[in-house]
Structures are given as C-alpha cells and as structure tokens.
Amino acid sequence: MPRFAANLTMLYNEHNFLDRFAAAAQDGFCAVEFLFPYEQAAKDLALRLQDNGLQQVLFNAPPGDWAAGERGLACLPGREAAFRDSMERALDYAHTLQCPRIHVMAGLAPAGADASALRATYLANLAWAANAAAAAGREVLIEPINQRDMPGYFLNRQDAAHAIVQELNAPNLKVQFDLYHCQVVEGDVATKIRHYLPTGRVGHMQMASVPERHEPDGGELNYSYLFAVLDEVSQACGWEGWLGCEYRPRLGAVAGATSQGLGWMRG
Ligand SMILES: O=C(O)C(=O)[C@H](O)CO
Ligand SMILES: [Mg+2]
C-alpha cells in the first residue's frame, strides 16, 4: 500500500487544529500535510509533530488574501514582492517543521489578462522560489487544480505542469499530482500514474473520491486498483513519495467522523 499522509485541514475537523495531530497519530498515520499553518506558531506545530511521532510532508506557501478570494500569487504580474515574502515565510516554517516540500499556488488568472505575461511571471517566480528553496534543501511543488473547484485557477493540467518543470529544469521543482483533480480535468488517472511517476518530476500525490471529494472508497475512481498501480510503478521506478488524504469525511465534522471513514486504509 502507498504511504498515506493525513491532511489536517480536511480531516479531523471535529477537533481544533492543534489536537488533530494526536487524532491522526491515534489512527495510525505517521505523516501529515495541511494547507496553511500560519495561524499557528511554527514551534507549537513542531511540538505536536514531535509529541505524536509525526513527520510533516507538505504544506502550502501563503496564498495571498484567501478570504478575499486569492488562490496564490505566483502568476500575478505586480505581486512579485508579495510572492517572495510568502516564500520566505514558508521557508521559515519549513525549517521549523523540518518539512521537505512546499506547495506554491499559482493564483487565479485575472479577467482579460495576457496569458503569456501570466506564464512569464509564473516561471520567473517559480525559478526564484526554487533557487531560494534549494539553498534551504527544500522542494517547491506546483499542482494542477480543476476549475470547477477553483474557477480561473491558472494551472489545470498535468502535461502543462510537467512542461513548466521541464522548462525551468530546477531539480527541486516538482509536480504535486492530485488524483482528484486529474480525474476531474483529464481522467485516464492510472495511465497518468504510469506515465508521470517514472519521470522523477512528481514530488507528492494527493487523493479523494470523485466527484464528492470524500474517502477514496466510492465515486468514479477505483482506488483499490489505483493503489495497486501506484505500488507497482513506485517499486519499478523507485518513487518514495507520500499520498495525501485530501478529502472531506462523508460523516462531516462529528466526533469520530474521520476515524470511522478509514476502513479503506485498514484493508
Ligand atoms: O486544492 C487542492 O487540491 C490543494 O491541494 C491545494 O493545496 C489547496 O487548495
Ligand atoms: Mg490537492
């Protein structure tokens, strides 16, 4: 079976954030990811990781003003200074949390914006981020996200993400391969696992059911089959990454909702 990481933004919502670490450890997870840690002091998060024997495998750089609708800064001309500040903050947290990788969100394409200018800004920011992260021994990830969940998001397809990683050719710039988004946008998920994992350009994976974004035990995707494909391809190419459980428990945020939904992991 793949190595699963609990996404503490989406899971265990019946607990306050700092208590989710213990809940995940009690359910047998040894790794966690989340979106944005910045409401918590990094040292408090590091203590929860340490106290519960967990490793941090991913989190996101600050995305701009999320409440105001921003979903990343990297593609936005004129926001380069804010982007660099966001990366510096993320790298500080990554150091304290000993987290090897940071997801950098692209942002929403402004209406009427010149696509080539957005792409040029995106690549320049990613090159800067990869260089800054390399000095700290961290990876920078870019994730194709579907436009049903995030209308206007700049990066939507696996091939576009891999083309960017190849064009910049920074060894620590990689793709965050979310199987949920891949199914929504493109389908052909097992074939894309077989195609992209051996490239060495996939830095992290995530999953959820489609279209509900619940546990990986229902909906359009056959995760029993996909886990077997992932095991086979990972063993063949030496991929040793993590599969983030980035889903909303179908039981919601009631006590025990996440734990009761983990039958898929217990085989
Ligand atoms: O939306 C996703 O799938 C992600 O992983 C982003 O990090 C948060 O929106
Ligand atoms: Mg994702």
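Owing to the predicted nature of the structure, the values given are computational and were not obtained by experimental measurement.

Conventions we followed
- Residues numbered from 1 in each chain as written.
- Chains lettered and ligands numbered in written order.
- Predicted model: local features only at pLDDT ≥ 70, side-chain atom pairs only at ≥ 80, totals over all residues.
- Heavy atoms only, no water.
- Helix = DSSP H or I, 4+ residues; strand = E, 2+ residues; numbered from the N terminus.
- Rg over C-alpha atoms; globule rule 2.2 N^0.38 Å.
- Buried < 20%, exposed > 50% of the residue type's maximum accessible area, 1.4 Å probe, protein only.
- Contact = heavy atoms within 4.5 Å.
- Areas by Shrake-Rupley, 256 points an atom, 1.4 Å probe, with all protein chains shown as cover.
- Lys, Arg positive; Asp, Glu negative; His and termini not counted.
- Charge placed at Lys NZ, Arg CZ, Asp CG, Glu CD.
- Donors = N, O, S within 2.8 Å, 3.2 Å for Na, K, Ca; no water.
- Tetrahedral: all angles 85-135°; square planar, octahedral: opposite > 155°, others 65-115°.
- Expected span 1.5 Å × (residues − 1).
- Axes fitted to C-alpha atoms, helices over the stretch in contact; angles between N-to-C directions.
- Parallel < 35°, antiparallel > 145°, perpendicular 65-115°, else oblique.
- Left-handed = near helix turned anticlockwise from the far one by under 90°.
- Nonpolar A, V, L, I, M, F, W, Y, C, P; charged D, E, K, R; others polar.
- Core = buried A, V, L, I, M, F, W, Y, C linked by side-chain atoms within 4.5 Å.
- UniProt positions renumbered as here; feature names shortened; annotations may be inferred.
- Pairing = 2+ DSSP bridges.
- Right-handed = clockwise from strand over helix to strand, strands pointing away.

## Thoughts on the overall build of the protein chain
Here's step 1: Looking only at helices and strands, the protein chain has ten helices and eight strands in total.
Here's step 2: Whereas a compact globule of 267 residues would reach a radius of gyration of roughly 18 Å, the protein chain reaches 18 Å, a difference of no more than 12%.
Here's step 3: On the principal axes, the C-alpha backbone points of the protein chain span a range of 45 × 40 × 35 Å.
Here's step 4: Across the 267 residues of the protein chain, 55% fall into the buried class.
Here's step 5: In the protein chain, the proportion of contacts linking residues at least 24 apart, taken out of those at least 6 apart, comes to 76%.
Here's step 6: Element-wise, carbon and sulfur atoms account for 49% of the exposed surface of the protein chain, whose accessible area totals about 11,100 Å².
Here's step 7: Seen as two clouds, the 21 positive and the 30 negative side-chain charges of the protein chain have centres 1 Å apart.

## Notes on the coordination of the magnesium ion (ligand 2)
Here's step 1: Taken together, the protein donors to the magnesium ion (ligand 2) comprise E143 (OE), D178 (OD), Q206 (OE1) and E246 (OE), at separations of 2.0 to 2.1 Å.
Here's step 2: Viewed at the metal, the six donor atoms of the magnesium ion (ligand 2) are separated by angles of 76 to 171°, and the geometry they form is octahedral.
Here's step 3: Donor residues for the magnesium ion (ligand 2), ordered by position in the chain, follow E-x34-D-x27-Q-x39-E. Taken together, the residues span a long stretch of sequence, with D178 in strand β6 (residues 173–178) and E246 in the loop between β8 (243–245) and α9 (257–260) at a distance of 68 residues. Of the two residues, D178 and E246, both sit in the buried class.

## A look at helix α4 (residues 115–135)
Here's step 1: In this model, α4 (21 residues) spans 30 Å end to end at C-alpha, consistent with the 30 Å of a helix rising 1.5 Å per residue.
Here's step 2: Those residues of α4 that fall on the buried side of the exposure criterion are L118, T121, Y122, L123, N125, L126, A129, A130, A132 and A133.
Here's step 3: Residues of α4 that are buried in the fold lie against α3 (80–97), β5 (139–142), α5 (158–168) and β6.
Here's step 4: Looking one or two residues past α4, G137 carries a phi angle of roughly 70°, positive in sign.

## Overview of the packing of helix α2 (residues 42–51) against α3
Here's step 1: Packing of α2 against α3 leaves a shortest axis separation of 9 Å and a crossing angle of 30°. One finds that α2 runs roughly parallel with respect to α3. Between α2 and α3 the crossing geometry is right-handed. Across from A42, K43, L45, A46 and L49 in α2, the residues of α3 making contact are Y93, T96 and L97.
Here's step 2: Looking at side-chain class alone, the contact of α2 with α3 contains six nonpolar, one polar and one charged residues.

## A few points about the nonpolar core
Here's step 1: F21, F59, Y122, I193 and M205 are the most contacted members of the largest nonpolar core, which has 86 residues in total.
Here's step 2: Broken down by element, this core gets its largest block of residues, eight residues, from α4.
Here's step 3: Other than its neighbours up to four places away in sequence, Y122 contacts A74, C75, A106, I142, F154, L155 and I164.

## Structural notes on the UniProt feature "domain: Xylose isomerase-like TIM barrel" (unreviewed entry) in the protein chain
Here's step 1: According to UniProt, the feature "domain: Xylose isomerase-like TIM barrel" (unreviewed entry) maps to residues 21–266 in the numbering used here.
Here's step 2: With 42% helix and 13% strand, the stretch residues 21–266 has end C-alpha atoms that lie 19 Å from each other.

## Some words on the packing of α4 against α5
Here's step 1: Across the interface, α4 lies against α5 with an axial gap of 11 Å and an inter-helix angle of 55°. Classed by the angle they form, the pair α4 and α5 counts as oblique. Remark: the crossing between α4 and α5 carries right-handed chirality. Of the residues in α5, those in contact with R119, Y122, L123, L126 and A127 of α4 are I164, E167 and L168.
Here's step 2: Residues of the contact of α4 with α5, tallied by class, amount to six nonpolar, no polar and two charged.

## Some thoughts on the pairing of β5
Here's step 1: Covered by surrounding structure in β5 are E139 and L141 together with V140 and I142, the residues of both alternating faces.
Here's step 2: Sheet topology note: the strand β4 (residues 101–103)/β5 ladder contains three bridges and is parallel. Opposite I102, over in β5, you have V140 as the bridge partner.
Here's step 3: Between the parallel elements β4 and β5, the chain passes through α4 in a crossover that is right-handed.

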